[in-house]
Amino acid sequence: GLLVLTGGSGHYFFGILTNAGTIQLPAGGGDLQLYGSCGAAGAIGELVNLPGALVDVQGNNSIDNACGTELVINQGVLRKSGGTGTTYIYPSLTNSGTLDVQTGTVSLNKGQGSGVFLPEAGATLIFSTTYEVDSNLTGAGTNLLNSGTFTLNGNINGSNVVLNGASLLASNTVINSALTWNSGAINAGSVVTVATNRLLLLASGNLHNFYGILTNAGTIQLPNGGGDLVPNGSCGGGIGELINL
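Per-chain numbering applies: the sequence of each chain, read as written, is numbered from 1 onward. Selection of residues for local features in this predicted model requires a pLDDT of at least 70, selection of side-chain atom pairs for listing and counting requires 80 or more, and totals for whole chains, interfaces and linings are taken over all residues. Based on all heavy atoms of the structure, the side-chain values leave hydrogens and waters out of the count.

## Quick notes on the nonpolar core
To be explicit about the condition: Note on terminology: a nonpolar core comprises buried Ala, Val, Leu, Ile, Met, Phe, Trp, Tyr and Cys residues joined through side-chain atoms within 4.5 Å. Exposure classes here rest on a 1.4 Å probe applied to the protein chains alone. A residue is buried below 20% of its type maximum, exposed above 50%, and partly exposed in between. Secondary structure elements follow DSSP: runs of H or I of four or more residues count as helices, runs of E of two or more count as strands, with numbering from the N terminus. Every residue pair with non-hydrogen atoms within 4.5 Å of one another is taken to be in contact.
In terms of nonpolar packing, the biggest core is built from 43 residues, with Leu108, Phe127 and Phe150 touching the most fellow members. At five residues, the largest contribution of residues to this core is made by strand β19 (residues 160-170). Excluding residues that lie within four positions of it along the chain, leucine 108 makes contacts with Ile89, Leu93, Leu99, Phe117, Leu125, Ile126, Phe127, Ser128 and Tyr131.

## Regarding the state of the cysteines
To keep it simple, the criterion reads: When the sulfur atoms of two cysteines come within 2.5 Å, that pair is taken as a disulfide.
Overall, the coordinates contain one disulfide when judged by the stated rule. Disulfide pairing is shown between cysteine 38 and cysteine 67; the S-S distance is 1.7 Å. Every disulfide takes its handedness from the sign of the S-S torsion; for cysteine 38 and cysteine 67 that torsion is -85 degrees, giving left-handed. On the criterion of sequence distance, the pair formed by cysteine 38 in the loop between β5 (32-34) and β6 (46-49) and cysteine 67 in the loop between β8 (63-65) and β9 (71-74) is long-range, its members being 29 residues apart. Owing to a relative accessible area of 24%, cysteine 67 belongs among the partly exposed residues under this scheme.

## Topic: the sheet that holds strand β28 (residues 241-244)
Pairing between the strands of a sheet comes from backbone hydrogen bonds, and it takes one of two forms, parallel or antiparallel. Cut-off, in case you're wondering: When DSSP locates at least two bridges between a pair of strands, those strands are taken to pair. Every axis in this analysis is a line fitted to C-alpha atoms, fitted for helices over the stretch in contact. Angles between the N-to-C directions lie between 0 and 180 degrees.
Strand order in the open sheet formed by four strands is β20-β22-β25-β28, and the pairing between neighbours is parallel. On the outer flanks of this sheet lie β20 (173-175) and β28, each paired with one strand and no other. Pairs of neighbouring strands in the sheet enclose a mean axial angle of 15 degrees, with direction left out of account.

Here is the structure:
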């Protein structure tokens, strides 16, 4: 079955929308606006995309929320297939399927996922506010950790990851490709390893505060004008340890 959100205005949904087929948000077709408890008595505002199902965002459409209680549960494929601008997903996103960014940018607000987060070549996936990924970061595109707290219980594999203002909590994370650290901190409790022939680049002129254990089997670069590496030990609530193998 097929649900197409046409027209240029918003599409206001107060209940539970379960998709086992295809939902299309065509370019210029308007946003999907979920309404939870503040929208009306008994309102929920929940989108459930089942295994094998597809939500296809074909332009720069967004999935919006009104109350902060709304949910998007993706067990299938949630894809941005068109538009070079930004698609915002404001409700809490639980992803156990595949989030596929084929073009442009997808910006996530909050949530958790053990599925696949896949920015393809030339595309960008932004994590903001509070997000936890319990799988590897992959894709030929860019994963941008912009703000808030980002928890990674997996590795960085074949992906360009940029720490750009977020507080990163990384649990036994191995950098198997590259991590560019512009700004933000690596929090207490983090254990990060730069794998052989891989790179951690401390870019920009900001201080790079590190509260965990950083083990290097590859290359850590502190370029001219790139800012200092600042390990923070017990006085900062961390360990602050750099091991160059």
